[in-house]
There are 2 protein chains.
Amino acid sequence: MSNPRRKSRQRERIFEIISKDKTHPTAQAVYDILRKEMPTVSLGNVYRNMKILAEEGRIECRNFGDGIERYDAIVGLHYHFVCEQCKSVTDFPMALQSDIIGMAKKISSHTITGHSIQFYGICDKCKQK
Amino acid sequence: MSNPRRKSRQRERIFEIISKDKTHPTAQAVYDILRKEMPTVSLGNVYRNMKILAEEGRIECRNFGDGIERYDAIVGLHYHFVCEQCKSVTDFPMALQSDIIGMAKKISSHTITGHSIQFYGICDKCKQK
DNA sequence: TTACTTGCAAAGATTTTGCATCTGT
DNA sequence: ACAGATGCAAAATCTTTGCAAGTAA
């Protein structure tokens, strides 16, 4: 049995960092930021807390193809753009394609509960170079 | 400078396995199959060859959220279904959503060259249990 | 006090790489 | 013979875990 979670300054701060960060940071990136203000934090514990936050449904864990887990605050379903040059991941401001889910449910016998869309290409920053 | 690639029975066989396998196998899965007929193959070399095949554009490397790279023969753009229970990945028979790319190009200043869509849920097999 | 949290280090898991040997051309 | 391909083992990366000490309630 697990008791209700205790409040932890570290975990709350991790949640804040992920919420405010628009780059969908990796555990390492969160650790680098956190370490500046809490020099004794351990990377292992950042992983642990990010997993807990994901279990609690406060953040989401995603993977955009480079084999490294990234985290995203929950702000409703949205899509992503992945730059193939600098590997950055940003939100993509396209409206929810709800018709796609409907279409998918019609043509498949699997139970479909969600979907995700990614766009790939070269981001503005990389184009300038 | 790199010379033209030599033919390698192992690499060709790996390509064949990935082409015929509908489960989008991981390197380990390909290795397990290959080892039965070529007992001396090394996992490291399977990784090496899959990377080469991907560089040559003969297969594609994908990641469906569990942190393990999976490989897919190139058979044109198509979408995928990921079972959240058994983690299997199967092709999803939905027609290409070309209007999505057009829409995406209109609303973003990034250069968009591709997209991918995944559906999530519970597959038929898992539902039977 | 009790049980969750943390830091640290060790262990796991996946993937890459160095090197000597083998092999296709 | 030459340069790519292979097997092996070691290393590199990313992530998880055990444990003793710390801390919120």
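Refer to the structure printed above.
Residues numbered from 1 in each chain as written. Chains lettered and ligands numbered in written order. Predicted model: local features only at pLDDT ≥ 70, side-chain atom pairs only at ≥ 80, totals over all residues. Heavy atoms only, no water.

## Re the side chain of His-115 of chain A
Formally: A run of H or I in DSSP becomes a helix once it reaches four residues, and a run of E becomes a strand once it reaches two; helices and strands are each numbered from the N terminus. Only protein chains enter the area calculation, which uses a 1.4 Å probe; residues under 20% of their type maximum are buried, those over 50% are exposed, and those in between are partly exposed. In protein, a polar contact requires one atom able to donate a hydrogen and another able to accept it; more generally it is a pair of N or O atoms within 3.5 Å, and residues adjacent in sequence count only if both atoms are side-chain atoms. Two residues form a contact once any of their heavy atoms are found within 4.5 Å.
Mapping His-115 of chain A onto the fold places it in strand β5 (residues 111-122). According to the relative accessible area criterion, His-115 of chain A is buried, its value standing at 7%. Separated by 2.8 Å, the side chains of His-115 of chain A and Tyr-79 of chain A make a polar contact. With near-sequence residues (within four places) excluded, His-115 of chain A lies in contact with Leu-77, Tyr-79, Leu-96, Gln-97 and Ile-101 of chain A together with Gln-118, Phe-119 and Tyr-120 of chain B.

## Quick notes on the relation of the copies chain B and chain A
Applicable threshold: C-alpha atoms of residues with pLDDT of at least 70 in both copies form the basis for the least-squares superposition of the copies.
With an axial shift of 0.0 Å and an RMSD of 0.1 Å, the rotation relating chain B to chain A amounts to 179 degrees. Look at the turn and shift together and you get a two-fold axis relating the two. Residue Ile-117 of chain B of chain B places its C-alpha closer to the rotation axis than any other residue of that unit, at 2.2 Å. The share of interface residues of chain B whose copies in chain A are also at the interface is 100%, consistent with both copies meeting through the same surface.

## Comments concerning helix α2 (residues 27-37) of chain A
All names here are of chain A. Note the following rule: Each C-beta atom gives one direction from the helix axis, and the arc is the one those directions make.
Restricting attention to buried positions, one finds in α2 the residues Ala-27, Val-30, Tyr-31 and Leu-34. Seen from one end, α2 has its buried residues packed into an arc of 100 degrees, which puts them on one side. Its buried side turned inward, α2 meets α1 (9-20), α3 (43-55) and β2 (69-73).

Treat this as a map of the structure, not an account of what it does.
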